[in-house]
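Okay, here's what each chain looks like letter by letter:
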Amino acid sequence: MQHLPLPGTGETPVRVMTIAGSDSGGAAGLQSDLRTFALAGVHGTCAITAVTVQNSLGVTGFHPVPPATVAGQIRAVVEDIGVGAVKTGMLATAEIIDAIADTAIDLGIGGRLPGGTDGVPFLVDPVCASQHGDPLLTPEALDTLLRRLFPLAWIVTPNLDEVRLITGIEVVDEASQRDAARALHALGPRWALVKGGHLRAAVTSTDLLYDGAEFLEFASPRLDTRHDHGAGDTLGAATVCALAHGLDVPAAIAYGKEWVTRSLAAAYPVGAGHGPVNASWRLRAHP
Ligand code: PXL
């Protein structure tokens, strides 16, 4: 695959930020995002939204960070270190989402700024639950996420469970995947990516990208491993690295898709449940 350029020794690298929850098991959330950022050669920063109590068997609880502390982390990083692209993952509560939206608007993250120019590329992964079905967002917060963050997002990246919660559409084939992409796009993001990875019957995993005019498909072989924890986060994390390097949205998604496919192929078992996808395949890849 085509790799992103690495910074020279002592040079300031491209910087990206994840706004996400901590996974004590080290598989998903900000731990997986920061791992992908480092292995892709960018400087990763983070605003922590919640601390989850988690292992390979599931999430048994979480403690949200105060909204002002989430906003403070974003502002502190952006005003000093700078940021070339931002992604969101687990956001936990409506109050945290409101604080993120207010701060993003103030700092020019996402959306379109006055005068029609673009803000900082902004990927919103509408994380609702863990793969075991444990909630990562309070039920009333989904409405706030759609109302406040979708209109600011460059790209939204729901999986099929999140698509059903957001649009009511059960994706079972190509036609319903297109219907879902249209319904998501109507909620305000510039691009909607409907991830097909959970469409179990298919032999390929096909993600569908829609910008309101054109559909683009990103297909990869389906890799049937139970060690897939953090796959969605990893796709988004690699995609924002590419966006921060200036790739356009379809090229950045293609990069993210290839990165997560390789990370799934290299996934390993830890604990008695689902092991993590493994971005450290990159350490063995050349150049
Ligand atoms: O994969 C979604 C996700 C994001 N963030 C955190 C998580 C999970 C899934 O378990 O725990 C913190």
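What you are looking at is a predicted structure, and each value in this text was computed from that prediction instead of being measured. (Residues numbered from 1 in each chain as written. Predicted model: local features only at pLDDT ≥ 70, side-chain atom pairs only at ≥ 80, totals over all residues. Heavy atoms only, no water.)

Novice: Would you mind going over the nonpolar core in detail, with residue names and values included?
Specialist: Counting 83 residues, the largest nonpolar core has I19, I74, I109, L149 and I155 as its most contacted members. Among the elements that make up this core, the one with the highest residue count is helix 7 (residues 231-244) (8 residues). (Core = buried A, V, L, I, M, F, W, Y, C linked by side-chain atoms within 4.5 Å. Buried < 20%, exposed > 50% of the residue type's maximum accessible area, 1.4 Å probe, protein only. Helix = DSSP H or I, 4+ residues; strand = E, 2+ residues; numbered from the N terminus.)

Novice: Please provide a residue-by-residue account of the environment of G230, values included.
Specialist: Its place among the elements puts G230 in the loop between strand 9 (215-221) and helix 7. A C-alpha to C-alpha distance of 9.2 Å links G230 and G26, two positions 204 residues apart in sequence. Contact partners of G230, with chain neighbours within four places excluded, come to A27, A28, S32 and V277. (Contact = heavy atoms within 4.5 Å.)

Novice: Can you tell me about unusual backbone geometry, naming the residues and giving the values?
Specialist: Within the chain, A92 stands out as a residue other than glycine whose phi angle is a positive 70 degrees. Looking at where A92 falls in the secondary structure, it is placed in the loop between strand 4 (85-88) and helix 3 (94-107).

Novice: Any details on the site of the ligand? Residues and values, ideally.
Specialist: Around the ligand, the neighbouring residues are G21, A28, G29, T52, Q54, M90, V127, S130, L136, H229 and D233. Contact between the ligand and H229: an oxygen atom at 3.1 Å from a side-chain N or O atom of the residue. In this structure, D233 approaches the ligand through a side-chain N or O atom, which is 2.7 Å from an oxygen atom. Taken by itself the ligand offers 310 Å² of open surface, and the protein chains cover 92% of this. A per-class count over the shell around the ligand returns 4 nonpolar, 6 polar and 1 charged. (Near = heavy atom within 4 Å. Polar contact = N/O pair within 3.5 Å; in protein donor to acceptor, adjacent residues only side chain to side chain. Areas by Shrake-Rupley, 256 points an atom, 1.4 Å probe, with all protein chains shown as cover. Nonpolar A, V, L, I, M, F, W, Y, C, P; charged D, E, K, R; others polar.)

Novice: Let's hear about the pattern of salt bridges: which residues, and what values?
Specialist: Taken as a whole and judged by the stated rule, the model has 12 salt bridges. Here E79 ties to R75 by a salt bridge, and the two come within 3.1 Å at their closest N and O atoms. With E79 and R75 both in helix 2 (residues 67-80), this residue pair falls 4 residues apart, about one helical turn. Classification of E79 by relative accessible area gives exposed; the value is 55%. The closest approach of N and O atoms between D161 and R164, which form a salt bridge, is 2.9 Å. (Salt bridge = Lys/Arg side-chain N within 4 Å of Asp/Glu carboxyl O.)

Novice: Talk me through the packing of helix 1 (residues 29-39) against helix 7; I want residue IDs and the actual numbers.
Specialist: Relative orientation of the contacting elements helix 1 and helix 7 amounts to 40 degrees, with a least axis distance of 9 Å. The orientation of helix 1 relative to helix 7 falls into the category oblique. Crossing handedness for the pair helix 1 and helix 7: right-handed. In this structure, helix 1 uses G29, S32, D33, T36 and F37 to contact helix 7, whose residues at the interface are D233, T234, A237, A238, V240 and C241. Partitioned by chemical class, the residues of the contact of helix 1 with helix 7 number 5 nonpolar, 4 polar and 2 charged. (Axes fitted to C-alpha atoms, helices over the stretch in contact; angles between N-to-C directions. Parallel < 35°, antiparallel > 145°, perpendicular 65-115°, else oblique. Left-handed = near helix turned anticlockwise from the far one by under 90°.)

Novice: Now, about the pairing of strand 8 (residues 204-210): what can you tell me, with residues and values included?
Specialist: For strand 8, the buried fraction is high: 6 of the 7 residues fall into the buried class. Across 3 bridges, strand 7 (residues 191-194) lies against strand 8 in antiparallel orientation. Residue A192 lies in a different strand from strand 8, and its bridge partner there is Y210. Inspection of the sheet shows strand 8 paired to strand 9 by 7 bridges, in the antiparallel sense. Counterpart to T206 in the pairing with strand 9 is A219. If you look at the hairpin formed by strand 8 and strand 9, you'll find 4 residues sitting between the two strands, and G212 has a positive phi there, around 95 degrees. (Pairing = 2+ DSSP bridges.)

Novice: Describe helix 5 (residues 160-167), listing the residues and the values that go with them.
Specialist: Residues of helix 5 that are buried: L160, E162, V163 and I166. The buried residues of helix 5 occupy one face: seen down the axis, they fall within an arc of 155 degrees. Among the structural elements, helix 4 (141-149), helix 6 (174-185) and strand 7 are those in contact with the buried residues of helix 5. Phi for G168, located one or two positions after helix 5, is positive at around 80 degrees. (Arc of directions from axis to C-beta.)

Novice: Which residues make up the packing of aromatic side chains, and what values do they have?
Specialist: Per the counting criterion, the structure on display carries 3 aromatic pairs. Counting every residue linked through ring pairs, the aromatic cluster contains Y255, W259 and W281. Sitting above the plane of the W281 ring, R262 keeps its charged end 5.4 Å from the centroid. (Phe/Tyr/Trp six-rings, centres within 6.5 Å; stacked < 30°, edge-to-face > 60°. Lys NZ or Arg CZ within 6 Å of the ring centre and 35° of its normal.)

Novice: Lay out the side chain of T93 with the relevant residues and their values.
Specialist: Checked against the element boundaries, T93 lands in the loop between strand 4 and helix 3. On the accessibility criterion, T93 (12% relative accessible area) is buried. Within the local environment of T93, its side chain forms a polar contact with the backbone nitrogen of I96, the two atoms lying 3.1 Å apart. Every residue in contact with T93, bar those within four places of it in the chain, is listed here: P64, L137, T138 and A141.

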